[in-house]
Every structure is written in structure tokens, then in C-alpha cells.
Amino acid sequence: MSFLAFFLIVASLLSFVVAQLILKRAMEFSAGAGLRNLRFISRVAGGIALMTFSFFLTLGLLQRFDLSYLYPFQGLSVIIITLMAAFMLKEKLTLQLTIGTLLISAGIVLVSLS
Amino acid sequence: MQDRPSGFGNPWLQLALSVVCVLVSELLLKRGATDIADPSSAWSWTGVNGLASPLVWWAILLIVASFISWLYVLRYIPLIIAFPLSRVVDILVPIGCWIFLNEFISTLRWCGIALVVAGLALVAKPVARIEERL
């Protein structure tokens, strides 16, 4: 795998993860301020833009690599989102959640490798 | 997770709906793409020719629906719980392929599915306890 491919995989993964964090923030914000305000709309638009960016990066990668090769990285997204939600959104990360998340990620990797 | 609506507005129901929409959309995309597959066409590598299949349009509709449900879920459920749970789709898709598209599941893949189920149970357990207390 070339450096460029690795970079694109990481970029696609990170843009997807950041999109989820932004969307979560947007929805929390909407709970207090409603849906018709600029801050909410701009965050949702930002989240959608990042998800679209991630989608097209993945589409480009799929033309060069097998799905079974790319899919295990999807398993990583569970771990990264869990860590980011704990550190950036200050959500509570318990030992049980950590083990559960690791099992899900390992399972996704196995499902896509086989 | 306070002031959670019940009935159709229940965020756990919406999470399930979002997952089901993604599952059905994946199966429809596969069927739709297979139906009109034309590897000789110059456009085929972009996937744009897939839009000729009505099944693909149904899939797109379901993807939009799942996204709206997901946004709703994010309003009420912490991302740290909702996101791992939403990955149940990663095992439902191969099981769906096995049942509806007659695809083969290897032993190793069944092992992966078992791991995901165990992980989901661990993530969902504290949630069940929170729900019981309410």
C-alpha cells in the first residue's frame, strides 16, 4: 500500500468520525435552541459536507482496493468515535463500554477478512 | 437522556429503524447494482449508471430516512453508546446476504459475527440498567 493510499484511508476515516462528532454537537445544540437557527444549520451542513467528502474518498479507494481490504478500517471507526466522544464530548467511558467497543471492532475486522 | 419521548419518538426505536433502513438499503443497492451491471460501459466505474435501477432509488430514499433517524437518535443518546450499537448493521448485512441473497458465510465470519454480538451485549447492558431505573 502506498503512502497516498494510506493517507486517503485515514482522511476518509477521520472525516467520517469528525462528521459524527459535529452532528452530535449540532443535535445537542438543537435540543435547547430549536432547529431554525444558523448555528444548528451550519453544523449539520458541515457534518453532511464531511460525510460526503468521506463517501467520495471511499468510492475512489474502492476503485483501487477490495472492499474486504478497506472494510476493517470501518471497525477502527468504532474505537476512534468512542475515544473522541469520551475526550471531546466528555461522554462517560466505562470499562464495560471499552471492552464492548473492542469486541465489536474485532468482530467487524473478522467479518470483513473472512 | 432526560425527557425522552415515547412511542414512535422513542430514540431506541429510531436507532433500530435507522439500522433497518441501512440494512435494507445495502441489500437493495446490491440487487440494483447486479441487475444493471454493465462492466463494459465507460460510466460503470463511477457507479452513476446504477441510478438507472429503481431499486437503487429506493435504497437512496432509505439512506436519507436512516440519516434523519440517526440525527434524531443523536439528540437523545450519547454517541459513545449509539455509534457502537449502530454497528449491529455490520453483522446484519452479512446475515441478510446469507438469507436473502444466498451468499455464503464462512466459519471465520460466523466467529466475527459472534464477537460483534458479544460486544453489542456489553455496550447495551448499562443502557438496559438505565432504562429499568426510569
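The structure under discussion appears in the preceding block.
Described in the following lines is the structure provided in the data block.

Rules behind the numbers
Residues numbered from 1 in each chain as written. Chains lettered and ligands numbered in written order. Predicted model: local features only at pLDDT ≥ 70, side-chain atom pairs only at ≥ 80, totals over all residues. Heavy atoms only, no water. Helix = DSSP H or I, 4+ residues; strand = E, 2+ residues; numbered from the N terminus. Buried < 20%, exposed > 50% of the residue type's maximum accessible area, 1.4 Å probe, protein only. Contact = heavy atoms within 4.5 Å. Areas by Shrake-Rupley, 256 points an atom, 1.4 Å probe, with all protein chains shown as cover. Buried area = accessible area lost by both parts, 1.4 Å probe. Salt bridge = Lys/Arg side-chain N within 4 Å of Asp/Glu carboxyl O. Polar contact = N/O pair within 3.5 Å; in protein donor to acceptor, adjacent residues only side chain to side chain. Expected span 1.5 Å × (residues − 1).

### Section: the overall build of chain B
Part 1: When helices and strands are counted, chain B shows five helices and zero strands.
Part 2: Along chain B, helices (α) and strands (β) appear in the sequence α-α-α-α-α when read from the amino end.
Part 3: Every one of the 134 residues in chain B was classed for burial, and the buried ones make up 41%.
Part 4: Pairs at least 24 apart in sequence give 69% of the contacts found in chain B among residues at least 6 apart.
Part 5: Total accessible area on chain B is roughly 7,400 Å²; 69% of this is exposed by carbon and sulfur atoms.

### So, the interface of chain A and chain B
Part 1: Taken together, the contact pairs 39 residues of chain A with 35 residues of chain B.
Part 2: Of the roughly 3,000 Å² buried between chain A and chain B, counting both surfaces, carbon and sulfur atoms make up 72%.
Part 3: Of all residues in chain A, the largest losses of buried area upon contact with chain B belong to A:Q96, A:I104 and A:V111, amounting jointly to 20% of the total for that side.
Part 4: For the pair chain A and chain B, the number of links is zero salt bridges.
Part 5: Where chain A touches chain B, the interface holds seven residue pairs in polar contact (both at pLDDT 80 or more).
Part 6: Elements supplying a minimum of two residues to the side of chain A that touches chain B: α1 (3–33), α2 (38–62), α4 (72–87) and α5 (95–113) of chain A.
Part 7: With 13 residues, α5(A) is the largest single contributor of residues to the side of chain A that touches chain B.

### Points about α4(A)
Part 1: With 16 residues, α4(A) should reach 22 Å at 1.5 Å per residue; the first-to-last C-alpha distance of 24 Å fits that figure.
Part 2: Every buried residue belonging to α4(A) is among A:P72, A:G75, A:S77, A:V78, A:I81, A:T82, A:A85 and A:A86, and all of these are buried.
Part 3: Against the buried residues of α4(A) lie α1, α3 (67–70) and α5 of chain A together with α3 (79–86) of chain B.

### Notes on the pattern of salt bridges
Opposite charge on two side chains lets them pair, provided their charged atoms get close.
Part 1: Under the definition given, this model contains two salt bridges over all chains.
Part 2: Across the pair A:E28 and A:K24 runs a salt bridge whose closest N-O atoms are separated by 3.8 Å. In this pair, A:E28 and A:K24 both sit in helix α1, four residues apart, roughly one turn of the helix.
Part 3: Take A:E28: its relative accessible area is 37%, and that puts it in the partly exposed class.
Part 4: A:K24 sits in the buried class, given a relative accessible area of 3%.
Part 5: Ionic pairing is found between B:R87 and B:D90, a salt bridge with its closest N-O pair at 3.1 Å.
Part 6: The class for B:R87 is buried, based on a relative accessible area of 10%.

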